[in-house]
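Given next are the chains, with one letter for each unit.
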Amino acid sequence: MVLRVLEIESEVQKIILLNCLKKGDYVPLADLTSEVEKVVKYRASAALSQNATLLERKGFLERRVEGRRVFVKIKPEYVQAIRIALGYKAPYCLISGYTWNPQRPDDLEPLKNYVDAIDKLAREGIKVEYIVCLTTPEAQEKRRKHEVKPEPDEEIALPFSVYQSDYLKLKREIISIINRLIYQYEPILDITPLTKLYSDILAEISEKYHLKRIYHFGPLTWLKK
(Lines give C-alpha, C1' and ligand atoms only; values in the text may rest on other atoms or scores of the structure.)
Protein backbone atom coordinates (compact mmCIF):
# COMPACT_ATOMS: atom_id res chain seq x y z
CA MET A 1 0.00 0.00 0.00
CA VAL A 2 2.74 2.48 0.92
CA LEU A 3 4.63 1.88 -2.34
CA ARG A 4 1.48 2.44 -4.42
CA VAL A 5 0.56 5.63 -2.56
CA LEU A 6 4.00 7.14 -2.92
CA GLU A 7 4.30 6.60 -6.68
CA ILE A 8 8.01 7.33 -6.97
CA GLU A 9 8.02 7.53 -10.75
CA SER A 10 11.56 8.22 -11.88
CA GLU A 11 15.24 7.88 -11.05
CA VAL A 12 15.42 11.63 -10.60
CA GLN A 13 12.71 11.51 -7.93
CA LYS A 14 14.63 8.72 -6.19
CA ILE A 15 17.79 10.84 -6.22
CA ILE A 16 15.95 13.81 -4.72
CA LEU A 17 14.27 11.75 -2.01
CA LEU A 18 17.35 9.71 -1.11
CA ASN A 19 19.44 12.84 -0.69
CA CYS A 20 16.73 14.37 1.49
CA LEU A 21 16.73 11.23 3.65
CA LYS A 22 20.53 11.23 3.96
CA LYS A 23 20.66 14.94 4.83
CA GLY A 24 17.66 14.85 7.16
CA ASP A 25 17.04 18.47 6.29
CA TYR A 26 16.64 20.83 3.35
CA VAL A 27 18.74 19.90 0.31
CA PRO A 28 19.72 22.43 -2.39
CA LEU A 29 18.46 21.09 -5.70
CA ALA A 30 21.48 22.52 -7.52
CA ASP A 31 23.77 20.26 -5.45
CA LEU A 32 22.17 17.21 -7.09
CA THR A 33 22.96 18.26 -10.67
CA SER A 34 26.01 16.06 -11.23
CA GLU A 35 24.20 12.99 -9.87
CA VAL A 36 21.15 13.61 -12.07
CA GLU A 37 23.30 14.12 -15.17
CA LYS A 38 24.14 10.41 -15.00
CA VAL A 39 20.51 9.34 -15.46
CA VAL A 40 18.94 11.90 -17.84
CA LYS A 41 19.54 12.83 -21.45
CA TYR A 42 18.28 16.42 -21.16
CA ARG A 43 19.26 19.30 -18.90
CA ALA A 44 19.72 18.09 -15.34
CA SER A 45 18.50 21.38 -13.85
CA ALA A 46 15.22 21.10 -15.76
CA ALA A 47 14.81 17.46 -14.70
CA LEU A 48 15.39 18.40 -11.07
CA SER A 49 12.94 21.27 -11.19
CA GLN A 50 10.21 19.21 -12.91
CA ASN A 51 10.53 16.22 -10.63
CA ALA A 52 10.74 18.29 -7.45
CA THR A 53 7.56 20.09 -8.53
CA LEU A 54 5.80 16.76 -9.09
CA LEU A 55 6.82 15.54 -5.62
CA GLU A 56 5.58 18.81 -4.12
CA ARG A 57 2.22 18.48 -5.86
CA LYS A 58 1.84 15.01 -4.37
CA GLY A 59 2.48 16.52 -0.96
CA PHE A 60 5.75 14.70 -0.24
CA LEU A 61 8.10 17.70 -0.30
CA GLU A 62 8.17 21.22 1.08
CA ARG A 63 10.19 23.97 -0.59
CA ARG A 64 12.24 26.95 0.57
CA VAL A 65 13.68 29.58 -1.76
CA GLU A 66 16.69 31.77 -0.96
CA GLY A 67 17.42 34.13 -3.82
CA ARG A 68 17.82 31.85 -6.86
CA ARG A 69 18.55 28.74 -4.81
CA VAL A 70 15.77 26.21 -4.24
CA PHE A 71 15.86 23.88 -1.22
CA VAL A 72 13.57 20.89 -0.68
CA LYS A 73 12.80 18.72 2.33
CA ILE A 74 10.56 15.68 2.87
CA LYS A 75 7.49 16.47 4.96
CA PRO A 76 7.79 14.64 8.29
CA GLU A 77 4.67 12.53 7.86
CA TYR A 78 6.14 10.97 4.69
CA VAL A 79 9.70 10.34 5.88
CA GLN A 80 9.14 6.77 7.06
CA ALA A 81 6.94 5.81 4.11
CA ILE A 82 9.66 7.02 1.73
CA ARG A 83 12.29 5.10 3.69
CA ILE A 84 10.19 1.96 3.25
CA ALA A 85 9.66 2.59 -0.46
CA LEU A 86 13.38 3.16 -1.08
CA GLY A 87 14.70 0.53 1.35
CA TYR A 88 16.55 3.16 3.38
CA LYS A 89 17.26 2.20 7.00
CA ALA A 90 17.49 4.49 10.02
CA PRO A 91 18.31 3.72 13.67
CA TYR A 92 15.38 3.15 16.00
CA CYS A 93 14.13 5.43 18.71
CA LEU A 94 11.45 4.49 21.22
CA ILE A 95 8.68 6.88 22.19
CA SER A 96 7.36 5.40 25.39
CA GLY A 97 6.48 6.54 28.89
CA TYR A 98 6.05 5.62 32.50
CA THR A 99 3.87 6.54 35.42
CA TRP A 100 3.40 6.20 39.16
CA ASN A 101 0.20 5.95 41.16
CA PRO A 102 0.29 7.94 44.44
CA GLN A 103 -2.49 5.70 45.75
CA ARG A 104 -0.09 2.74 45.40
CA PRO A 105 3.21 4.40 46.35
CA ASP A 106 5.16 1.15 46.82
CA ASP A 107 4.35 -0.18 43.35
CA LEU A 108 7.39 0.85 41.32
CA GLU A 109 6.75 -1.36 38.28
CA PRO A 110 4.94 1.37 36.29
CA LEU A 111 8.15 3.43 36.52
CA LYS A 112 9.90 0.70 34.55
CA ASN A 113 7.47 0.51 31.62
CA TYR A 114 9.92 1.87 29.07
CA VAL A 115 12.66 -0.47 30.38
CA ASP A 116 10.37 -3.43 29.76
CA ALA A 117 9.74 -2.20 26.21
CA ILE A 118 13.47 -1.85 25.52
CA ASP A 119 14.19 -5.33 26.90
CA LYS A 120 11.43 -7.01 24.89
CA LEU A 121 12.44 -5.25 21.69
CA ALA A 122 16.05 -6.35 22.29
CA ARG A 123 14.88 -9.97 22.50
CA GLU A 124 13.54 -9.55 18.97
CA GLY A 125 16.86 -8.14 17.78
CA ILE A 126 15.78 -4.51 17.76
CA LYS A 127 18.27 -2.11 19.30
CA VAL A 128 16.89 1.23 20.45
CA GLU A 129 19.36 4.09 19.96
CA TYR A 130 17.33 6.90 21.54
CA ILE A 131 14.62 6.92 24.24
CA VAL A 132 11.90 9.50 24.75
CA CYS A 133 9.55 9.13 27.72
CA LEU A 134 6.33 10.95 28.40
CA THR A 135 5.42 11.01 32.07
CA THR A 136 4.11 13.13 34.94
CA PRO A 137 6.16 15.37 37.26
CA GLU A 138 5.41 13.04 40.19
CA ALA A 139 6.53 9.93 38.30
CA GLN A 140 9.63 11.71 37.02
CA GLU A 141 10.63 12.57 40.59
CA LYS A 142 10.08 8.96 41.71
CA ARG A 143 12.05 7.50 38.80
CA ARG A 144 15.02 9.70 39.58
CA LYS A 145 14.81 8.93 43.29
CA HIS A 146 14.82 5.19 42.63
CA GLU A 147 17.41 5.50 39.84
CA VAL A 148 15.52 3.50 37.25
CA LYS A 149 17.92 2.84 34.37
CA PRO A 150 18.67 3.39 31.56
CA GLU A 151 18.09 7.11 31.73
CA PRO A 152 15.80 8.31 28.94
CA ASP A 153 17.48 10.65 26.48
CA GLU A 154 14.46 12.93 26.80
CA GLU A 155 11.62 13.21 29.29
CA ILE A 156 8.46 15.23 28.83
CA ALA A 157 6.57 15.67 32.10
CA LEU A 158 2.95 16.78 31.77
CA PRO A 159 0.17 16.89 34.36
CA PHE A 160 -1.81 13.66 34.48
CA SER A 161 -4.93 15.63 33.52
CA VAL A 162 -3.40 16.24 30.07
CA TYR A 163 -3.16 12.47 29.47
CA GLN A 164 -6.74 12.08 30.64
CA SER A 165 -8.55 14.73 28.66
CA ASP A 166 -6.47 17.32 26.77
CA TYR A 167 -6.44 15.76 23.32
CA LEU A 168 -5.10 18.79 21.43
CA LYS A 169 -2.25 19.60 23.81
CA LEU A 170 -1.13 15.98 24.06
CA LYS A 171 -1.28 15.42 20.32
CA ARG A 172 0.67 18.63 19.61
CA GLU A 173 3.35 17.57 22.09
CA ILE A 174 3.78 14.10 20.60
CA ILE A 175 3.76 15.35 17.00
CA SER A 176 6.39 17.97 17.83
CA ILE A 177 8.64 15.20 19.21
CA ILE A 178 8.17 13.00 16.14
CA ASN A 179 8.62 15.86 13.67
CA ARG A 180 11.93 16.69 15.33
CA LEU A 181 13.30 13.14 15.57
CA ILE A 182 11.97 11.40 12.48
CA TYR A 183 14.66 12.75 10.17
CA GLN A 184 17.33 10.98 12.20
CA TYR A 185 15.47 7.97 13.64
CA GLU A 186 12.66 5.55 12.92
CA PRO A 187 10.34 5.96 15.91
CA ILE A 188 8.60 2.98 17.50
CA LEU A 189 5.50 4.06 19.42
CA ASP A 190 4.70 2.32 22.71
CA ILE A 191 0.99 2.55 23.55
CA THR A 192 1.29 0.57 26.81
CA PRO A 193 1.70 3.30 29.48
CA LEU A 194 -0.42 6.17 30.75
CA THR A 195 -4.02 6.52 29.48
CA LYS A 196 -6.46 5.42 26.79
CA LEU A 197 -6.29 8.91 25.27
CA TYR A 198 -2.50 8.65 25.02
CA SER A 199 -2.80 5.24 23.35
CA ASP A 200 -5.42 6.48 20.89
CA ILE A 201 -3.30 9.47 19.87
CA LEU A 202 -0.25 7.26 19.30
CA ALA A 203 -2.34 4.88 17.19
CA GLU A 204 -3.61 7.80 15.10
CA ILE A 205 -0.08 9.14 14.58
CA SER A 206 1.24 5.66 13.81
CA GLU A 207 -1.14 5.36 10.87
CA LYS A 208 -0.51 8.87 9.55
CA TYR A 209 3.29 8.62 9.78
CA HIS A 210 3.60 4.91 8.84
CA LEU A 211 5.26 4.12 12.18
CA LYS A 212 5.55 0.87 14.11
CA ARG A 213 3.66 0.59 17.38
CA ILE A 214 3.78 -1.92 20.20
CA TYR A 215 1.95 -3.09 23.32
CA HIS A 216 3.86 -5.09 25.91
CA PHE A 217 1.79 -5.62 29.05
CA GLY A 218 2.68 -9.29 28.96
CA PRO A 219 4.25 -10.53 25.70
CA LEU A 220 5.40 -7.96 23.18
CA THR A 221 2.64 -7.44 20.63
CA TRP A 222 3.17 -5.64 17.34
CA LEU A 223 0.05 -3.60 16.62
CA LYS A 224 1.67 -2.18 13.47
CA LYS A 225 4.95 -3.58 12.20
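So, here's what we can say about the structure.

## Section: the overall build of the chain
- When its secondary structure is counted, the chain shows 10 helices and nine strands.
- Its C-alpha atoms put the chain at 70 × 35 × 30 Å along the principal axes.
- Each of the 225 residues in the chain was classed as buried or not, and the buried ones make up 48%.
- For the chain, long-range pairs separated by at least 24 residues make up 65% of all intrachain contacts whose partners lie at least 6 apart in sequence.
- Accessible surface for the chain amounts to roughly 11,900 Å². Of this, 49% is attributable to carbon and sulfur atoms.
- In the chain, 37 positive and 32 negative side-chain charges are present, and the distance between their average locations comes to 5 Å.

## Some points on the side chain of T135
- Summarising the element assignment, T135 is placed in strand β5 (residues 128-135).
- Among the residues examined, T135 registers a relative accessible area of 0% and is labelled buried.
- Reaching out from T135, the side chain makes a polar contact with the backbone oxygen of Y98 at a distance of 2.9 Å.
- Those residues within four positions of T135 in sequence are excluded, and the remaining contacts are Y98, Q140, I156, A157, L158 and Y163.

## Structural notes on the nonpolar core
- Counting residues in hydrophobic clusters, the biggest one holds 50 residues, and the most contacted among them are I16, L134, L170, I174 and I178.
- If we skip the residues at most four places from it in the chain, I178 touches I95, L189, I205, Y209 and L211.

## Remarks on unusual backbone geometry
- Backbone torsion omega between K149 and P150 reads 0°, so that peptide bond is classified as cis.
- By secondary structure assignment, the location of P150 is in the loop between α7 (137-146) and β6 (154-157).
- We note that E147 has phi near 55°; this positive angle belongs to a residue other than glycine.
- On the secondary structure map, E147 appears in the loop between α7 and β6.
- Positive phi values are uncommon outside glycine, yet L194 reaches one of about 70°.
- Position of L194 among the secondary structure elements: in the loop between β7 (186-190) and α10 (196-209).

## What to know about the sheet that holds strand β2 (residues 61-66)
- Pairing in this open sheet of three strands is antiparallel, and the strands run β1-β3-β2 from one edge to the other. Of all strands in the sheet, those bounded by a partner on one side alone are β1 (27-28) and β2.
- Pairing geometry for β2 and strand β3 (residues 69-74), over six bridges, is antiparallel. Within β3, the residue paired with E66 across the bridge is R69.
- Helix α4 (residues 44-57) rests against β2 and β3 of the sheet, and its axis sits at about 130° to β2.

Cut-offs and rules
Residues numbered from 1 in each chain as written. Predicted model: local features only at pLDDT ≥ 70, side-chain atom pairs only at ≥ 80, totals over all residues. Heavy atoms only, no water. Helix = DSSP H or I, 4+ residues; strand = E, 2+ residues; numbered from the N terminus. Buried < 20%, exposed > 50% of the residue type's maximum accessible area, 1.4 Å probe, protein only. Contact = heavy atoms within 4.5 Å. Areas by Shrake-Rupley, 256 points an atom, 1.4 Å probe, with all protein chains shown as cover. Lys, Arg positive; Asp, Glu negative; His and termini not counted. Charge placed at Lys NZ, Arg CZ, Asp CG, Glu CD. Polar contact = N/O pair within 3.5 Å; in protein donor to acceptor, adjacent residues only side chain to side chain. Core = buried A, V, L, I, M, F, W, Y, C linked by side-chain atoms within 4.5 Å. Pairing = 2+ DSSP bridges. Axes fitted to C-alpha atoms, helices over the stretch in contact; angles between N-to-C directions.

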